Every structure is written in C-alpha cells, then in structure tokens.
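# Structure assessment
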Amino acid sequence: MATTYGRQVSTLVQHRSERSPSVSSERTLRAIGRVGQAVNLAVERFVTVGETIADDNPEIKQDMYEACKEARAAGSSIERLCEITATDPLGYPPPDGPLSDRSAMIRAARALLSSVTRVLLLADIVVVKQLLLAKDRVARSLCRMEQVANFTEFVKAFSVFGAEMVELAHVTGDRQADLKEERRRAQMAAARQVLERSTMMLLTSSKTCLRHPECPDSRENRDTVFCQMRRAMDLIHYVVKDGVLETVAERLSPRGGGQVDWDSERASAFTSLKHFSRLVELSRPQVTETTPKVIGNSEIVEEAPAPRELTRSSSVRDRRIDGQRTKNRTYASLERELLPPASRSAEAAMLGLSSVLVPETRDQLLAALDKVVEKTQDFTDSAYTTHEHRENILLLCDRAKLELNQLLRIAVNTEPFISNTTEIDGAIESVQSAGQDLSQQLVLAVSDQVTELAHVIKAGIDVVNSLRNIALNQELDRLQECADRFHDYIDHILEVCKLLRHIALSETLQVQAKFMEINLKIYAPQVITAARALSAHPTSKIAKENLEVFVDMWQWLASDVSTVSKEIIEMAQAQTKPDKTEYLSLPRPGKHGTTSKPLKPTRLDQEEQEKIAKAGLEMKMLTNEMDAETDKWNGASDENNDIVKRAKNMSSMAFSMYQFTKGEGTLRTTQDLFTQAEYFAEEANRLYKVVRQFSYQVPAGQPKKELLENVDKVPTFVQTLQFTVKDPTVGKAATFVKVDHVIQETKNLMNVINKVVTTCFDCANKYKLDFSGLSGRAAAGTSRDDEGGSEC
C-alpha cells in the first residue's frame, strides 16, 4: 500500500492544481473515483490485519484500535473527496467545495500517513516482543540442559531446546530480512550462524560430559559451547533492540549522515583513511566572491574585484552577497583586514568554515592522521608481514605526515581571506595522493598473506586429521607437538582475519571478518581439547564423535576464511584501482538500441562504482548460497530434477551479472545486462510454476505453509524486475541508476529463490518426494495454477 497507493494519493493531491477546465474529462474523473475507492479498500485491509494483531496482544490493543480507527477515517475521507470530484459532470466542483484546493486532500493524506505509521510501529513492537520471548525460551532451555544429571533428563531437555531453536531460527530470519542497517543484518546473520553450527557441538559435548563427568577436557568443551551460544543470543538481543546495550554517552553522541565511528574500537584502517581523506577534501578553500579593495593606506574605498573570501556553506555565501548592504560590507571588510591573524582565524571559525586556514580544522586533520598511523600498526607489528611491505607502510605513513605538515605550514602562512588558493590546492592533492598510496600498500600487504593462507589452512587440516589416530593411540608427546603446531597455524589465520577487517569496504564483510576471528579464537583450540578428552578415554564412542564434530566446525570456519578473504581482497583491489573497470553506458546501435550514433565507453565515477560493485558482491554471495543448496540434493545432476536445473541456471545468470559489475565476463554493455535480467526473470517464472506443481505433493502442515509463503513472493519480485528492465532511460546518469536498480532487484529475487529452494529440499527430505516430470505436469496443470497462485 505504501508504494502503490502512496503515488495515487500524491496524484490526487496534485490533481486540482494541475488540471484546467479545458482538459477535464469524464474518464479522468472516473479514474479519480476509482483511485479513492482503491485507497480506502487497501486501508480497510491493512487495519483489519492491525486489529487482528491487537486482539492477540492486549498490551497494545487500545493504541492499535485507535490508530486503526484514524486510518480508516482518513481512508474514508480520501474516498469521499474523490467521489465529490468524480460525480461532478462538468469537472467543476463548487468554489467552496472540499476539492476546490488541495488542503482537504493534504490533510486526509497526512492523517493517513500518521495513523499507518502508528500501526506499523505498534506491530513492530509485537514482532520484537515475540522474538525476545523466543530468545528467552531458548536461554532457559540452555540453563536446564546445563543442570541435568542424567541422560534421560538431557534427552527431554534437548528435545524441547530443538523445537524452540527452530522457532527462534524462523523469527530471527524474518527479522534479519526486515532490518534496514547493513551492520545489523550482518550481526544477526553471524549470531544465527553460531547458534546453528553450535547445536550439534552442544549435543556431543554434553553427552561426553555426562558420560565422563570426571574429565575436565570434556567439561571445557561443553562450557565453551554454552558460552558461545549465550553470546550469540546476547547479540540477537542487541540487534533487535537496536543497540540498547550501548552506553549513554554512545547513544547521545551525534551521528550525522555519512559520519563513521572512525575513532571507536570498531574503526578499521580503511574507515580511518576514508575519514581522513574526507576531512582533507572538506578543508579545501573555496573561492566564491569578490570583496572591496583597500587602496594603499588611505581611507578611500572602491568597489572593485578584490581578494575573495573562503567559504564552505552556500548560506554563508548568500548572506555575504546580499546586495542590500554593500556599503556596510565595505567597512566591515576594512575592519577585518586590520585584525591580527589570530582574530581573523577566530572569525572564520565563527562563520562555520572548515577550511584548512582554521586552527580547529588543522587539529582535526592531525588527529585523523594519528588515528590512521595507529591502525597501520596492526600491519607493521604483524609477524607475517614481509619486511618490504613493513618498510613501505612506514615510509608512506611518514610521507603522509610530511605532506600534511607542508599543507599546514602553507595554511599558517596564508591569510584567511585570499584570492589565490593554487598552492593550498596543490598541497591538498599531495596529501590525498599519499593517502591513496597508503591504502593500496595495505591491500598489497594483506594480499600477500592471503596467498599463503590456503597453504596454512591445508596444513592445519592435515594436523587435525592426524589428531584422531594420535589421540586413539594415547601418544601424549605427539599430541602436544601437534597442538603447538596447530596453535601456530591458528595464530597465523587470526592475524590475517584481523588485517582483512582493516581493509574490508562493506560493513557486512567487516562483521564477517570480525566474527570469523572471534569464532576461530574460541572454537579452534577446542579441537585440541576434544582430542585430549579422547586420548583420556580412547574406547569412548561419544568422545570420538565429539572430536569429529569439533573438527567439522574447524573446517567450516576455515572455509569461511577462504571465501570471505577472497571477496574482501577483490572489493579492496577494485576500490584502490578505480580506473580499471569500464562500462558501456548505453546499448550498442543496430543491435539492441535505436540510436544511430556510435556510443563511446563511459567510465563509472568512484561513488557509482562502489555502490554497484557492493550490490554485485552481495549477489555473488547469494549465488554461492544457491550452489551450496543445490549441491545438497541427491541426484543434482539428474535432468529430471527441474527445481535443481532451474536453480542452477539462475545461479549461473546471476553470477554473470556479478561479473559485469567488475567489468568481466560475457556481458559487455548495459543492454546485455538488461537482456540477461529479462532471461533471469523468465527463468524465475518457470521455477515458480515447477515449485507450485511440486507443492501439491507436499502434505498439509507447517513445511507446506512455509513453502507456499516463500514461493508466492516470487511473482511479485519477478514483475518488479521486469518493470525495472523495461523502464525507459535517457542519458548516462539515468542509465547508471537503472543498472543499479536492476542489480538490486535481481539480488532481491535471488534471495527469495534461495529460500524457496531450501524449503523444497527440506520438504523433499522429510516426505521422500519425487521430482521427475514436474515441468510437464506444470504445463498441463494450468488450471490448478490459476486456483493456487498467480502467474507472472
């Protein structure tokens, strides 16, 4: 309703001011009447859901009913106003009628917006409450399992825990999809992943502890898993409450648009460099106007081009060029020229200028550069950074300091109000160049370590595989030797994870790198602990199973490190080399487009490249998830498995679109991208029909309900993508916007398809269902499609 009918309300608001008697038509009036009815009907459906929520939640019932009543009244008012216009045969409502101006419609639209917002906020309170209740139930189940004394009690407690974990997984998954902030979504995903992977370790470690209560190593395994799961649930609570665990000072601190916590603990080297670069650019003097000129030492003042003032704000500039007080400005400028330099700097600060000529700005630049140097110490202090890279980083830090000192020296010797800023501009360019070279050097330093990472992980896996036989043979000396080597490998991987977080450009990758490091630091040493528990009880079947589970966890984490490190390096290299990627801005003539002039390749600017590359990388991650899901299916290569076949086709198409965002692959022009998106939508439509046919085999129950809820979202996303592709564009800027929207909509559709394929896999395993011939049955069963769901 907010998207579709919001536009209709806007149209109604503008209608009276735009139409004239000569252009009024009966068809237009009928359309206005239909829009009013549609808005009121949508509002009625919306408030019906709100009232249903209120009936189930007494604590918000009164407020929800009041908000729904206001929304219903506003919707009725909009419909009534539209009817008055539609029933007037000439299109001329009386001069004093409700639509004689836009005020009545504006009031009704504002009332509707206010009431709908209240309903949504109250509904969100209910969702948050349900999620926190589910989290609390899981926490209580953990406490019960931790206190059980025998297997019977543990089996009962774990059964309850499993059911509550499934519920928590569902509500947190829905909440993750609704979160707007990228960092919060990534944190929720990390917490859900820890809970999911820790469940099996919780089972085996608890059984081992119950079987061998005298073994301290088995108890350490179990306590570590409990601790990590509680931390994950605390993180879920933190995300859901949107950071309520922050200190009062953090909550009250200003966080303006685009401002980053560059001086906090979560700041990385790249965020600090970005903040420093932004400060340097903002400190650039801007020469904008002329001021009066003093001739010699006389008191004669003439209006002539004079040294121009440095301003940053257009409002300041507008106040200074106000032509009503020219004479007063003349004498004010004379007085300013006679002020000492310190007073002139103070005046510039009072005017809100952030020029490098202002002392406060110079202090900020020095502090920002100190923070950059501090963050680079993680690179220079790393034992795995080569001597060459360490020296280059130190030299570039010294160069940045020298260039900044040169800039500040020029600024100190420069008057606050000058006519020529060429020298300062050149110094600023030198500082920016030093910062860019430093960021490239940091990426190179990490890239070299990442190339060695595969060998380190492989060596760690070999050590872990040898632990089984060593523990079973109770070779304690060899076990300690392997433990020492394994800890060295862990330290190396942890060091790489720390440096990866420093160069990660997106908040999602920063969070992933951070939690990879945390999980490795906590869970990897538990492999050695589990091996010691097995060596103490070599005949224990559950102790051996416990070691296998912890080994699997280690391998999962190692795989995550390999995947995320590659993505971080790719994005960082694309960022530090922005001139590498080129795109053709419009379709090629004669083939896809209608223009006759040859089109030249157009280079994306830095901001557009970051935005599109970021969305493309997210889509690549979704294709990885899709490939992982399809690989789970037995007989994935069977041609009769239409769901797997369609899903793999879509994954391949999405990957080629991701390659386009990097300037690689077979898609060369934007029109190639749009054509691929059309094929992608058509394939999604085919998959939708196949899954709808498959859903008829699924017995009634929660799995089928979840499958239908996910698959019924596909047509909406398909239509949105198709409309986006067909949206006409004129000019380079509009085409780039369209490319970004196509990538975003493809990513959204891919996300829904992932959920559909996962749910199909779960249903297939649970009910042992057959997939052969689904396409043929889908083509023959169009009548059932019409009854069960809409087609695209």
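An unreviewed UniProt entry lists the protein chain under the name Alpha-catenin, with Lutzomyia longipalpis as the source organism. Under the UniProt heading Subcellular location (unreviewed entry), the note attached to the protein chain is "Cytoplasm". Within the UniProt record for the protein chain, the comment given under Sequence similarities (unreviewed entry) is "Belongs to the vinculin/alpha-catenin family."

Next up on the list: the overall build of the protein chain. Tallying secondary structure elements over the protein chain gives 26 helices and four strands in all. Counting across all 792 residues of the protein chain, residues that qualify as buried make up 46%. Taking contacts inside the protein chain between residues at least 6 apart in sequence as the whole, the part at least 24 apart equals 75%. Approximately 39700 Å² of the protein chain is accessible, and the part contributed by carbon and sulfur atoms is 52%.

On inspection of all chains with the given rule, the structure shows three aromatic pairs. With a centroid separation of 5.8 Å and an interplanar angle of 40°, the aromatic rings of Phe158 and Phe161 are classed as tilted. Of this pair, Phe158 and Phe161 both sit in helix 5 (residues 151-178), three residues apart, roughly one helical turn. The exposure class assigned to Phe158 is buried, which follows from its relative accessible area of 18%. Among the aromatic residues, those joined into a cluster by ring pairs are Phe154, Phe158 and Phe161.

Below, the discussion takes up unusual backbone geometry. In this model, Gln474 sits at a positive phi of 60°, which is unusual for a non-glycine residue. With respect to the element layout, Gln474 can be found in the loop between helix 15 (422-472) and helix 16 (476-503). On the basis of relative accessibility, which here comes to 43%, the residue Gln474 falls in the partly exposed class.

The tally for this structure, following the rule as stated, stands at 21 salt bridges. Put simply, Glu507 and Arg183 hold a salt bridge, and the shortest N to O gap is 3.6 Å. With Glu507 in helix 17 (residues 507-536) and Arg183 in helix 6 (residues 182-211), the pair connects residues that are 324 residues apart, well separated along the chain. On the accessibility criterion, Glu507 (23% relative accessible area) is partly exposed. Given the relative accessible area of 7%, Arg183 is considered buried. Between Glu495 and Lys498 there is a salt bridge; the shortest N-O distance is 3.5 Å.

This next bit is on the confidence of the model for the protein chain. Close inspection of predicted coordinates is inappropriate for parts of the model with low pLDDT. Overall, the prediction assigns the protein chain a mean pLDDT of 75, with 70% of residues at 70 or greater. Counted against residues more than four places away or in other chains, residues 578-606, with its pLDDT under 50, gives 55 contacts. Within the model, the stretch residues 778-792 combines pLDDT values under 50 with 23 contacts to residues more than four positions away or in other chains.

If you trace the backbone, Gly460 turns up in helix 15. Among the residues examined, Gly460 registers a relative accessible area of 0% and is labelled buried. On a C-alpha basis, the gap between Gly460 and Phe486 in space is 6.0 Å, while along the polypeptide they are 26 residues apart. Apart from the residues lying within four places of it in its own chain, the contact partners of Gly460 are Phe486, Tyr489 and Trp554.

What follows covers helix 14 (residues 387-412). With 26 residues, helix 14 should reach 38 Å at 1.5 Å per residue; the first-to-last C-alpha distance of 37 Å fits that figure. Every buried residue belonging to helix 14 is among His389, Ile393, Leu396, Cys397, Ala400, Leu404, Leu407, Leu408, Ile410 and Ala411, and all of these are buried. Against helix 9 (269-282), helix 13 (359-380) and helix 15 lie the buried residues of helix 14.

Reading guide: rules and limits
- Residues numbered from 1 in each chain as written.
- Predicted model: local features only at pLDDT ≥ 70, side-chain atom pairs only at ≥ 80, totals over all residues.
- Heavy atoms only, no water.
- UniProt positions renumbered as here; feature names shortened; annotations may be inferred.
- Helix = DSSP H or I, 4+ residues; strand = E, 2+ residues; numbered from the N terminus.
- Buried < 20%, exposed > 50% of the residue type's maximum accessible area, 1.4 Å probe, protein only.
- Contact = heavy atoms within 4.5 Å.
- Areas by Shrake-Rupley, 256 points an atom, 1.4 Å probe, with all protein chains shown as cover.
- Phe/Tyr/Trp six-rings, centres within 6.5 Å; stacked < 30°, edge-to-face > 60°.
- Salt bridge = Lys/Arg side-chain N within 4 Å of Asp/Glu carboxyl O.
- pLDDT = per-residue confidence, 0-100.
- Expected span 1.5 Å × (residues − 1).

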